[in-house]
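Structure at a glance
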Amino acid sequence: MAKARDGAEPAARWRELVEQIDDARRRYYGDDAATLSDAEYDVLFRELEALEAAHPELVSADSPTQSVGGEASGMFAPVEHLQRLLSLDNAFSADELAAWAARVERDLGAVPELLCELKVDGLAVDIVYERGRMRSLATRGDGRVGEDVTYNARFIPAIPKSLTASAEHPVPELVEVRGEVYFPTAAFDALNLEVTSQGLSPFANARNAGAGTLRQRIDSRENELAAMREKGSTTVARLEGELDLALKRLGGLQLVVHGIGVWHGHEPARQSEAYAALRGWGLPTSERVQVVPELAGVQAYVDFYGEHRHDVEHEIDGVVVKVDDLATQGRLGSTSRAPRWAIAYKYPPEVVRTRLLDIEVNVGRTGRVTPFAVMAPVKVAGSTVSMATLHNQEEVVRKGVLIGDMVFLRKAGDVIPEVLGPVVEDRTGTERAFVMPTHCPSCGTPLAPAKEGDVDIRCPNQRSCPSQLRERVFHVASRGALDIEGLGFKAAVALLDEGIVADEGDVLGLTADQLRASVFFTRADSAEGRVLTANAEKLLVELETAKSRPLWRVIVALSIRHVGPTAAQALAREIGDLDRIATSGVEELSAVEGVGPIIADAVVEWFAVDWHRDVVRKWREAGVRMAEERVDAGSRPLDGVTVVITGTVEGWSRDGAMLAVQEAGGKVSGSVSKKTDFVVVGENPGSKAEKAVALGRPVLDATGFAVLLEQGPDAAREAAVPPLA
């Protein structure tokens, strides 16, 4: 008999996998507390599928591959769905998606039109409306029988209690709709902060958070509270608080409808038509649904939201692809657990479990000492991660993580990996608490808050702490500061370790002779001895270019606490001269829009330090631009106008476009909000273009940008273009 993957006999491994998957399902669907990440579950499930494919005799009706996950608990009355809710088969690659489309084409003779929609990470629900009024709200359960949570619907404004008829979309006598109840991302993050501060495991995903919130016995709590009030119990205040919190959480739930079951009345011909009717009745449907004629369109949709998944207001873990024509769906049919006419394309998991091996600290460029997690390497969001931020000592305590814990780790795209919290149930008693060091690990200086009441602990040895020096020199060259290519972290370390520079003040004055004295920046040459490397030659050119960067970039490069690009741009725009900024008081600086007293205090304190002023002196002597070139004459048509620029705008450098807006009196912002007046979109835009769509902000291409600068905002609104095709 062939062996299973881990060497066990196939039957024994099959039983082991079934037990693990069933236990994970019970915890996930029944307890709303996942102890496996989605990635770990998918690995087990796919192994079971492969094992059953190789050994068909092992397949049974109660195998997880033949059933829908979850079952109704005894907490709520059972509800039998009018039509069974099925699970979806998954594709994890473009090849697997193409294989599904090929099976559909083989069965039908052609690929039909396909509907694409986002796979919301929420709790599947079934809602029945009779004569336009809600009859029941139920969880999916095992697909046949769910839990009756209708009572709780009254506290969820996002779920319509009645449908609105129209001439175009009359409400049928009976209709069963399917959807997802979910927490928006911001609400989910706030909820996890709340539960981890109570010493509990965080919700591994928004689905568990939504399920745990919806599946509460609010009626029982109300009855208990009424009984306690009659008795005059001292626990009334506590129960009232718990009930208020439960109702507040319920009120934060949202709904998106994405399917239909039984429909008595004029039935639609296509899934997309059904969505139009649902929307017409007042049910929330996704605005991101798209019908495409072929697989290439599906892949483009998958790729787009793979890149922009964090621009969506809720968590998604993939894309659902369905045959749009309902009659064709019927022809294709279903297996015992999943329809053949639909598939879920799963993105790489963004929440995984791994072991927290240690907690160490990092000393940043302003002296802030930050704990970070050292973990067993794990693949998440398409990359292998072994470190994650923990922000500060209070954050470690609030999240309740111990060294040795199994933890949930989240990495959202390019965002820095974050430890969500511990899997408390997996603790063995060998874990230990993190203790913040009392002395700087880099220079040995005693650590302390910069000011009384500060959460952050800092190393006060700013001038000569090796860690702070390395970070500051590296920061000078960063993309957000002077953007000096060729001066990466290793090069910054070499400049300091080899004694070529003493601090960041020496960087802009570097010469070829100085670099020739470095081992790092030279290579051996048989004829000439050691000569500059190509990277060193390029660095010298980049340094000259950096000296003419706009003033705001120079301000950022100084590493003044709290002063990032937005505040630096405001100071450069309104004051325009580094010497004036250095001699301005808190009151004058605070008056600059976008600065305020905290930043103003930090600027004044920074320039009060003699060696800080020495850095500025060295840069001035090296030829660094210290003032904006101002044109006093002429109008400022963009006074009060906020502009966001994303991508490469034809005919403009990044700095040139920003400077043009500022010289016209406008403000350049780094993020899109409802207060943004215009979003200028060039080639290869980032997620800001998508956010502009979501918020309905006017979008300008290169031509529209020219109109804005030359003719002002009124003409530019007329020149606005559709944000995305």
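Thresholds, definitions, all that
- Residues numbered from 1 in each chain as written.
- Predicted model: local features only at pLDDT ≥ 70, side-chain atom pairs only at ≥ 80, totals over all residues.
- Heavy atoms only, no water.
- Pairing = 2+ DSSP bridges.
- Helix = DSSP H or I, 4+ residues; strand = E, 2+ residues; numbered from the N terminus.
- Contact = heavy atoms within 4.5 Å.
- Axes fitted to C-alpha atoms, helices over the stretch in contact; angles between N-to-C directions.
- Core = buried A, V, L, I, M, F, W, Y, C linked by side-chain atoms within 4.5 Å.
- Buried < 20%, exposed > 50% of the residue type's maximum accessible area, 1.4 Å probe, protein only.
- Arc of directions from axis to C-beta.

Glancing now at the sheet that holds strand β23 (residues 678-681). With parallel pairing, the 4 strands of this open sheet are ordered in space as β22-β21-β23-β24. Strands with a single pairing partner mark the edges of an open sheet, and in this sheet they are β22 (667-669) and β24 (699-700). Bridge analysis of strand β21 (residues 642-646) against β22 gives 3 bridges, and the strand direction is parallel. Along β22, the bridge assignment pairs Val644 with Ser669. On the sheet, helix α24 (residues 687-695) packs against β21, β23 and β24 and is oriented at approximately 135 degrees with respect to β21.

Grouped together as the largest cluster of nonpolar side chains are 76 residues, with contacts concentrated most on Leu508 and Trp619. In contact with Trp619, not counting residues within four places along its chain, are Val476, Glu504, Gly505, Leu508, Val554, Ala557, Leu558, Val624 and Met626. The next biggest cluster of nonpolar side chains, apart from the first, holds 45 residues, and it includes Ile127, Leu137, Phe188 and Ala209.

Before going further, it helps to examine the sheet that holds strand β3 (residues 114-120). Taken in spatial order, the 5 strands line up as β2-β11-β10-β3-β9 in an open sheet, and their pairing is mixed. Of all strands in the sheet, those with a lone pairing partner are β2 (90-91) and β9 (290-292), marking the two edges. Alignment of β3 against β9, held across 3 bridges, turns out to be antiparallel. Bridge pairing links Leu114 to Val292 in β9. Against the sheet, helix α3 (residues 94-108) engages β2, β3, β10 (316-323) and β11 (342-346), with an angle of about 175 degrees to β11. Where helix α10 (residues 295-308) meets the sheet, its contacts fall on β3, β9, β10 and β11, and the angle it forms with β3 comes to roughly 20 degrees.

Right, let's talk about α24 for a bit. Along α24, the positions that sit buried rather than exposed are Ala689, Glu690 and Ala692. Taken end-on, α24 shows its buried residues confined to a sector of 155 degrees, consistent with a single buried face. Backbone geometry just downstream of α24 places Gly696 in the positive-phi region, at approximately 70 degrees.

Buried residues dominate strand β15 (residues 406-410), accounting for 5 of its 5 residues. Every second residue of β15 is oriented toward a common face, with Met406, Phe408 and Arg410 on one face and Val407 and Leu409 on the other, all of them buried. The pairing of strand β12 (residues 351-363) with β15 spans 5 bridges and is classified as antiparallel. When the bridges of β15 are listed, Thr354 appears paired with Val407. As defined by bridge partners, β15 adjoins strand β16 (residues 418-422) across 4 bridges and the pair is classed as antiparallel. Directly across from Arg410, in β16, lies its bridge partner Glu418.

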